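# Observations on the three-dimensional arrangement
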Amino acid sequence: DVYNFMTPWAVGECPRFVTYFWPMYSFWMQESLRRIEAFPENAPPEQTKKLQHFVRQAAYLNCVWVYDPRNGTVWSKLVTEHMQIVKDRPSSDLEFPDLPEWFNEVPEKLMWVADPCTFWGQAMTCNLGYIARDLTGDKAGSDVCWDRVQVPTYGY
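Everything in this summary refers to the structure shown in the same document. Throughout this description, residue numbers start from 1 for each chain and increase along the sequence as written. Only residues with pLDDT of 70 or above have their local features reported here, since the model is predicted, and side-chain atom pairs are shown and tallied only from 80 upward, although totals for entire chains, interfaces and linings are computed over all residues. For side-chain calculations, the full set of non-hydrogen atoms in the structure is used, while hydrogens and water are omitted.

### With respect to the overall build of the protein
To keep it simple, the criterion reads: In this description a helix means any DSSP run of H or I spanning at least four residues, a strand means any run of E spanning at least two, and both kinds are numbered starting from the N terminus. Per-residue accessibility, obtained with a 1.4 Å probe over protein chains only, is compared with the maximum for each type, and a residue is labelled buried under 20%, exposed over 50%, and partly exposed between these values. We call two residues in contact whenever any of their non-hydrogen atoms come within 4.5 Å of each other.
A count of helical and extended segments in the protein gives six helices and zero strands. What you see in the protein, going N to C, is helices and strands ordered as α-α-α-α-α-α. When each of the 156 residues of the protein is scored for burial, the buried share is 42%. Partitioning the contacts of the protein with sequence separation of at least 6, the portion at a separation of at least 24 is 80%.

### Observations concerning the state of the cysteines
Note the following rule: Two cysteine sulfurs form a disulfide in these notes if their separation is within 2.5 Å.
Tallied over the entire structure, the rule returns one disulfide. With its sulfur 2.0 Å from that of its partner, C63 forms a disulfide with C117. Here C63 and C117 share a disulfide; its torsion about the S-S bond, -95 degrees, makes the bridge left-handed. With a gap of 54 residues between them, C63 in helix α3 (residues 45–63) and C117 in helix α5 (residues 115–123) connect regions that are remote in the sequence.

### Brief notes about the layout of surface pockets
The gaps of empty space that remain are located by a probe, the size of a water molecule, rolled over the atoms. The line we're drawing: Space inside and on the surface of the protein is sampled on a 1 Å grid over the protein atoms alone, with a cavity defined as a set of points where a 1.4 Å probe fits but cannot get out and a pocket as an open set with protein on both sides within 12 Å along at least 5 of 7 lines; lining residues have an atom within 4 Å of a point. Grid points are joined across faces, edges and corners, and a volume is the space filled by probe spheres set on the points. When residues are grouped by polarity, Ala, Val, Leu, Ile, Met, Phe, Trp, Tyr, Cys and Pro land in nonpolar, Asp, Glu, Lys and Arg in charged, and all others, Gly among them, in polar.
Roughly 510 Å³ of internal volume is contained in the largest pocket. Ranked by residue count, the leading element in the lining of the largest pocket is helix α2 (residues 22–38), at six residues. Looking at side-chain class alone, the lining of the largest pocket contains eight nonpolar, five polar and six charged residues.

### Comments concerning the pattern of salt bridges
Any two side chains of opposite charge can pair, so long as their charged atoms come close to each other. Stated precisely, the cut-off is as follows: Salt bridge, as used here: a side-chain nitrogen of Lys or Arg that lies within 4 Å of a carboxyl oxygen of Asp or Glu.
Counted according to the given criterion, the structure contains eight salt bridges. Close ionic contact of D68 with R70 constitutes a salt bridge, the shortest N to O distance being 2.7 Å. Each member of the pair, D68 together with R70, is buried. Across the salt bridge formed by E81 and K77, the nearest N and O atoms sit 2.4 Å from each other. Linking E81 with K77, this pair stays in helix α4 (residues 76–88), spanning four residues, or about one helical turn. Salt bridges sharing common partners tie together E31, R34 and R35.

Functional significance is not addressed by these values, which are geometric in nature.
Here it is in C-alpha cells:
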C-alpha cells in the first residue's frame, strides 16, 4: 500500500520540509493544538469528526507550497489574512473557514500535495504544536506575524 511504500521517504524528507516551511507548520500545528486542548473529553462523535476534519485541513495547508505567509511570496498578504481569520476564532470553533476567493486563481497543480506530507502532518500535530508553542515563548500575540519574516532566497 501507499503508506508502506512512502513511509521511508516521508520519514527522511518531512523533517527537511518542515524546516523550510516552519511558518506554516508553526501556525497550523498551534491552531490545531489549541482546539485539541479545548476539546471536551466526552464529546459526541460528530464533534470528534469536526475536530479530525480541522486537523486534516490544517495538515493539508502545511503541504501547499503557495500557502506561505512570509514576505516575498506571491500571496503573503492574502495567506496572512486567512490565517488571522482562523486565529481570531475561539478554541472551541471547529469549523474550518473556507479558503478565500483568490485561491480559485491558483493553478490546480499548485494545490496538489503528496499524501505522506498530509499524513505525517496529522500524525505530528501535537508534537510539532508543543515545539512551536515552546519556541514562540512569550512572543505569542494576537496577530499573525509571519508576513514580517522574509522568505529565504534559497529554494527547498
